[in-house]
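Next come the chains, spelled out residue by residue.
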Amino acid sequence: MPVTSPSNLKEQAELKLKDFLLTMQEFFFFAVRAFSTIPKIKRYWRDVLDQALICGVESIPIVLVSAISIGGLMAMEVGNLLEDFGAKTMLGRSTSNAVLRELGPLLMGLMLAARYGSRNGAELGAMQISEQIDALRAFGTDPIAKLVMPRLVAALLMFFPLVALSDFAGLQTAAFVAEHYHKIDPGIFWNSIYPKLAPKDFVVTFLKAPVFAVIITLVSSFNGFSARGGTAGVGRSTIKGIVASSGLVLVANFYVSKLVLDFMH
Amino acid sequence: MIELRNVTLKYGEKLILDKVSLTVRNNTIKAVLGPSGVGKSTIIKLMLGLIKPNSGQVLVDGVDITPMKEAELYPIRRKMGIVFQGNALFDSMTISQNFSFFLRENLRLPEEEIERRVMEQIRFAGLEGYEEQLPESLSGGMRKRVAIGRALIFNPGTILFDEPTAGLDPVSSKKILNLIADLRKNSNLGAVFVTHIIDDVFAIADETAVLYQGKIIFDDLTGKLHESDHPFICSILSDKILEL
């Protein structure tokens, strides 16, 4: 039967849908197990610290680079636009909305999906391929508690300060560009921000931290655990993890903002 | 004693094991012989409860482990040690950490006792002086010995070996086979080893099961392999190494 015949296509679509639903079901149980092992944190606190160092401290440079570049760019471009309308004094407010609520956490999320997610996917994938995860189970250690839970807890803890750092660096860079490029007095810049800051701005930005932590850690770890087919399989599972977690971070970023802003309007 | 009763296993639509029954008695060395990709390693993973069959039972010391949850399986698994084909050593840990890891994880032992047991296994594996090295710096034979030492860490009754001599040079292979035989002789340990090398079977196995196309086509004393008139067994006895 030709590959493109309608019945064949329908069959393939059904199979893919079935595969997708099965994967979703497995992911759901994987996530439940990861959360249910959090009470074992006392036993694995060293692993949590190790992971906190990897996903937190070691991620500071990449988070700073992305926050500084987006803060500077935003201030430069928005400032040029506002100049046409004679509203340059609004630069602080316009930049802070974009950086604080959206671009700061989003870029941090994408950078960590690439950095932390790829590390998780590759490390756990290699462990799966070399049967180290089976060895853990065979000798009586729960691999989810040992390998996934510490990553999850570390990300949940460390993404908060990283978001704060990303927002802070982004805004400071924007203020620097406003002063030196657009010649806006820093007092005017910051005064257009502070009075307008509302609790919802902080709720939006800090709610994204745990959401991104859960998405990036669980998606990348799940893909690592699902690696099959040698080193090429590790590569495939790592890519899948990064693509899926980056996509989900983008979607979650939109919905968290929308839900919070609708709710706290 | 480990027993598989009418075990059937499928991966998707592919039938891997078809109503396989197999018994491993205490203090015997049992070989599971078969060509590559036939499901030999799967048998070992079934015995440990790492995978579950579609139907049939897996009994360890008379207890059916197939309906057990993961947490219930941990004490059962400690009755057995396993040596994976690729050793599955933790490559970011030193040799002594590879030995001590599961002791710290699973048993509440004083630090001195852990150190004593680790040193015991290091001596057993003949790796004095290599304690702080990473597995990647060891030869294939040494890594295998570390894996065997790790498998002994809980003093199990049976050790499961997945292709114990695969990828080793003839001298290392011989050493590993002698080690398995010595374990039975000196420590009363039973062993199951899956292999595709028939010379290994004749070297140390008391009993042999031959797995072919998902079925056990022979299960008896190793010496009786020559009496079999099954065409597959006749062909492997003449070719010695299975590459089907």
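Residues numbered from 1 in each chain as written. Chains lettered and ligands numbered in written order. Predicted model: local features only at pLDDT ≥ 70, side-chain atom pairs only at ≥ 80, totals over all residues. Heavy atoms only, no water.

## Things to note about the interface of chain A and chain B
Then step 1. If you look at the interface, chain A gives 17 residues, while chain B gives 23 residues.
Then step 2. Summed over both partners, the interface of chain A with chain B buries about 1,700 Å², with 52% contributed by carbon and sulfur atoms.
Then step 3. At the junction of chain A with chain B, the criterion picks out three salt bridges.
Then step 4. Between lysine 45 of chain B and glutamate 131 of chain A there is a salt bridge, with its nearest N and O atoms 3.2 Å apart.
Then step 5. There are ten residue pairs in polar contact (both at pLDDT 80 or more) connecting chain A and chain B. (Contact = heavy atoms within 4.5 Å. Buried area = accessible area lost by both parts, 1.4 Å probe. Salt bridge = Lys/Arg side-chain N within 4 Å of Asp/Glu carboxyl O. Polar contact = N/O pair within 3.5 Å; in protein donor to acceptor, adjacent residues only side chain to side chain.)

## Some details on helix α5 (residues 140–151) of chain B
Then step 1. An ideal rise of 1.5 Å per residue puts 16 Å on twelve residues; α5 of chain B measures up with 17 Å between its terminal C-alpha atoms.
Then step 2. Considered for burial, the residues of α5 of chain B that qualify are Gly141, Met142, Lys144, Arg145, Val146, Ala147, Ile148, Gly149, Arg150 and Ala151 of chain B.
Then step 3. Considering only its buried residues, α5 of chain B is in contact with α5 (132–138) of chain A together with β6 (80–83), α3 (95–106), α4 (111–124), β7 (158–162) and α6 (170–187) of chain B. (Helix = DSSP H or I, 4+ residues; strand = E, 2+ residues; numbered from the N terminus. Expected span 1.5 Å × (residues − 1). Buried < 20%, exposed > 50% of the residue type's maximum accessible area, 1.4 Å probe, protein only.)

## Remarks on the domain arrangement of chain B
Residues and elements named next belong to chain B.
Then step 1. Partitioning chain B into structural domains gives domain 1 (1–79 + 158–244) and domain 2 (88–155).
Then step 2. With centres defined by C-alpha atoms, the gap from domain 1 to domain 2 works out at 25 Å.
Then step 3. Buried area between domain 1 and domain 2, summed over both chains or domains, comes out near 950 Å², and the portion from carbon and sulfur atoms is 78%.
Then step 4. The largest per-residue losses of area from domain 1 upon contact with domain 2 belong to Arg78, Ile176 and Leu179, which jointly make up 49% of the total buried on that side.
Then step 5. There are zero salt bridges connecting domain 1 and domain 2. (Domains from an automatic or database assignment.)

## Brief notes about the pattern of salt bridges
Then step 1. All chains considered together, the criterion is met by 28 salt bridges over all chains.
Then step 2. The salt bridge involving glutamate 123 of chain A is made with arginine 151 of chain A; its shortest N-O contact spans 3.0 Å. Of the two residues, glutamate 123 of chain A is situated in helix α4 (residues 91–129) and arginine 151 of chain A in helix α6 (residues 143–180); the sequence distance between them amounts to 28 residues.
Then step 3. You can call arginine 151 of chain A buried: its relative accessible area is 3%.
Then step 4. Note that glutamate 111 of chain B is salt-bridged to arginine 104 of chain B, the shortest N-O span being 2.3 Å.
Then step 5. Residue classification places glutamate 111 of chain B among the partly exposed residues on the basis of a relative accessible area of 36%.
Then step 6. One salt-bridge network, held together by shared partners, links Glu131, Asp134 and Arg137 of chain A together with Lys45, Glu70 and Arg77 of chain B.

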